[in-house]
Amino acid sequence: MILIGLTGGIGSGKSTVSALLAEHGAIVIDGDAITRDLQRPGEPLLKVLVERFGPEILNSSGELDRGALAAIVFTDKEALTDLNKIVHPLVGKEMERRMAEQRHTDNVVVLDIPLLAENPRKGLSGVIVVDIETDLAVQRLSAFRNMSAQDARARIANQASRETRLAIADQVIDNSGSLEELKFQVDRVWEWMLTRDHAANDAGAATDAL
Ligand code: ATP
């Protein structure tokens, strides 16, 4: 497998890029999607979260109210540490399982990891960073995600800076243009991905190098 890390700030366009790469034939392993799956009602993880953070993190249908949970951990560092301790190992295990399935194939596997700059991975065949100006991310998150500009700015400020992310990039996709322009860049990056070396057997594991 060729194992590519894909990252970018909130609202930069990672999911859009992932979808375009999947059209080319990439196998996308999406950390956020796995997290959402594991937090569905009936999953053991949701029960553990309710035990730690209280029933106020559930909505009236018994599903996780992400906004309520985010509000708790946003202002309480200890709560955030606990949340990460509970969620990360399970999500990590599921990502490992999906990578293991692909390990001996020739497939291009894309690890979509929002916090790759903060939490590096071993032995990737390459790293792609989707980059946009902060103002544009705020604009798109307000327009398409129903997020207030203030909330969007606060979340962006809580993540690694653009410079920190760009420092780990082998390829940068500039998503400040139209979707058509984005597609053109993804086509170019896909060709580059195909030239990358296969990843080693332990590739993709989390590292605490930072
Ligand atoms: P998050 O970090 O929240 O998961 P993301 O990085 O995955 O976000 P996307 O969901 O792909 O970002 O994009 C954010 C929003 O901007 C989406 O509604 C998407 O449709 C839109 N979008 C992405 N790229 C473009 C573009 N080039 N032109 C216009 N809208 C875009």
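So, here is what we can say about the structure in this document.

Neighbouring the ligand are 15 residues, the closest being K14, S15, T16, R145 and N175. Residue G11 places a main-chain N or O atom 3.2 Å away from an oxygen atom belonging to the ligand. R145 has a polar side-chain atom sitting 2.5 Å from an oxygen atom of the ligand. Here the ligand loses 81% of its free accessible area of 630 Å² to cover by the protein chains. The set of elements that each furnish at least two residues to the shell around the ligand consists of α1 (14-24) and α6 (134-145). Split by residue class, the shell around the ligand holds 3 nonpolar, 9 polar and 3 charged.

Following the sequence through the fold, Q102 ends up in helix α5 (residues 77-102). There is a polar contact of 2.7 Å between the side chain of Q102 and the side chain of N107. In contact with Q102, other than residues within four places in its own chain, are M1, I27, N107 and V109.

Now for the sheet that holds strand β4 (residues 126-131). Read from one edge of the open sheet, 5 strands run β2-β3-β1-β4-β5, paired in parallel fashion. Since the sheet does not close on itself, it has two edges, and those belong to β2 (27-30) and β5 (171-174), each with one partner. Averaged over neighbouring strand pairs, the angle between their axes works out to 25° when direction is ignored. Sheet topology places strand β1 (residues 2-8) next to strand β3 (residues 108-112); 5 bridges connect them, and they run parallel. From the neighbouring strand, L6 faces β3, where its bridge partner is D112. The strands that helix α2 (residues 31-38) touches are β2 and β3; relative to β2, the one it contacts most, it runs at about 60°.

What counts, and where the lines are drawn
Residues numbered from 1 in each chain as written. Predicted model: local features only at pLDDT ≥ 70, side-chain atom pairs only at ≥ 80, totals over all residues. Heavy atoms only, no water. Near = heavy atom within 4 Å. Polar contact = N/O pair within 3.5 Å; in protein donor to acceptor, adjacent residues only side chain to side chain. Areas by Shrake-Rupley, 256 points an atom, 1.4 Å probe, with all protein chains shown as cover. Helix = DSSP H or I, 4+ residues; strand = E, 2+ residues; numbered from the N terminus. Nonpolar A, V, L, I, M, F, W, Y, C, P; charged D, E, K, R; others polar. Contact = heavy atoms within 4.5 Å. Pairing = 2+ DSSP bridges. Axes fitted to C-alpha atoms, helices over the stretch in contact; angles between N-to-C directions.

Spatial relationships are all this shows, so hold off on functional conclusions.
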